[in-house]
Amino acid sequence: MKKILLMVLALFLSIGTMAQETKTKKAKTKKETTEKVEKAKKETKEKADKKAKETKSKTKEAKEETKSKAKSTEKETKEKATTKKKETEAKVDAKKKETKAKVDTKKTEAKEKATTAKSKTKKSVAEEKEDMKETAASKAAEKKVADKVTGEYKGKKVYTGPRGGKYYINKNGNKTYIQD
């Protein structure tokens, strides 16, 4: 039994000595880890500060570059716009001149046509009477027509067909359609 007691006592002593060592080791490791953490924090802060400074300088440079590019493109667009304005003004002026010339020529042509049309349309009284004469064929054709009478045209009755077409019976007895 003495042996067992001695063994238990030796065990307690060994545990006691080991327990003290772990406490001191733990305290040392805690100090070391806190120091390491603080160093790491300082390093990360320094790195972050450096990166922030670099990004600020880069952004300043980028802003300056974009401003200079914007100014140059703005100048270019202004120049392009002024040249386009000049070109369009020149085109508009040319078109105005062309249209004036066309209008003038059309006016003169219209006057000429009007004078020739007046001379052509003026029929003698005898010709008008001849056109107005109705022949036997035209009278017979009028009797055969079953369409509605809707008015007069050149002294003749105007009929409206089943599809809506308007016509009159000429001196030969044929239907002559009228365009509206």
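My aim in this report is to walk through the structure given alongside it, one point at a time.

Cut-offs applied
Position labels on residues start from 1 in each chain and follow its written sequence. With pLDDT at 70 or above as the cut-off, local features in this predicted model cover only qualifying residues; side-chain atom pairs require 80 or more to be listed or tallied, and sums for whole chains, interfaces and linings still use all residues. Each side-chain value is worked out from all heavy atoms of the structure, with water and hydrogens disregarded. Helical segments are the DSSP runs of H or I of at least four residues, strand segments are the runs of E of at least two, and each set is numbered from the N terminus. Partly exposed residues are those whose accessible area sits between 20% and 50% of the maximum for their type, while under 20% is buried and over 50% is exposed, using a 1.4 Å probe and protein chains only. By definition, residues are in contact when any of their heavy atoms lie within 4.5 Å. A 1.4 Å probe and the Shrake-Rupley method give the accessible areas. Residues count as covered only by the protein chains that appear here. Two rings from Phe, Tyr or Trp (for Trp, the six-membered ring) form a pair when their centres sit within 6.5 Å of each other. Planes less than 30 degrees apart are called stacked, planes more than 60 degrees apart edge-to-face, and all others tilted. Only when the NZ atom of a Lys or the CZ atom of an Arg is both within 6 Å of the ring centre and within 35 degrees of the ring normal do we say a charge sits over the ring. When a carboxyl oxygen of Asp or Glu is within 4 Å of a side-chain nitrogen of Lys or Arg, the pair counts as a salt bridge. What makes two strands pair is DSSP finding at least two bridges between them.

## Some remarks on the overall build of the protein chain
No. 1: Of regular secondary structure, the protein chain possesses three helices and four strands.
No. 2: When the elements of the protein chain are put in sequence order from the N terminus, they spell out α-α-α-β-β-β-β.
No. 3: A buried classification covers 8% of the 180 residues belonging to the protein chain.
No. 4: Restricting to contacts in the protein chain with at least 6 residues of sequence separation, those with at least 24 account for 23%.
No. 5: Working note: accessible area of the protein chain is about 16,800 Å², and carbon and sulfur atoms make up 58% of it.

## Details of the packing of aromatic side chains
No. 1: As enumerated under the stated definition, the model contains three aromatic pairs in all.
No. 2: For the ring pair Tyr-153 and Tyr-168, a centre distance of 5.5 Å and an interplane angle of 45 degrees mean the geometry is tilted. Here Tyr-153, found in strand S1 (residues 148-153), pairs with Tyr-168, found in strand S3 (residues 166-169); they are 15 residues apart in sequence, far enough to count as distant.
No. 3: Judged by relative accessible area, Tyr-153 falls into the partly exposed class, the value being 34%.
No. 4: Members of the aromatic cluster, connected to one another through ring pairs, are Tyr-159, Tyr-167 and Tyr-177.
No. 5: Seen from the ring of Tyr-167, Lys-175 lies directly overhead, with NZ or CZ sitting 4.8 Å from the centre.

## Here's the deal with the pattern of salt bridges
No. 1: Within this structure, the stated rule accounts for one salt bridge.
No. 2: Here Lys-78 makes a salt bridge to Glu-74, at a shortest N to O gap of 3.6 Å. You can see Lys-78 and its partner Glu-74 sitting in helix H1 (residues 2-121), four residues apart, about one turn around the helix.

## Some remarks on unusual backbone geometry
Across the chain, the bulk of peptide bonds are trans and the bulk of non-glycine residues have phi less than zero.
No. 1: For Lys-154, which is not a glycine, the phi torsion comes out positive at approximately 50 degrees.
No. 2: When you line up the elements, Lys-154 lands in the loop between S1 and strand S2 (156-160).

## A closer look at the pairing of S3
No. 1: Sheet topology note: the S2/S3 ladder contains two bridges and is antiparallel. When the bridges of S3 are listed, Thr-160 appears paired with Lys-166.
No. 2: In this antiparallel pair of consecutive strands, S2 and S3, the connection spans five residues, and Gly-164 shows a positive phi of 100 degrees.
No. 3: Both S3 and strand S4 (residues 175-178) contribute to a ladder of four bridges, which runs antiparallel. Residue pairing in the sheet places Tyr-167 in a bridge with Tyr-177 of S4.
No. 4: The antiparallel pairing of S3 with S4 creates a hairpin that spans five residues between the two strands, and Gly-173 there sits at a positive phi of about 95 degrees.

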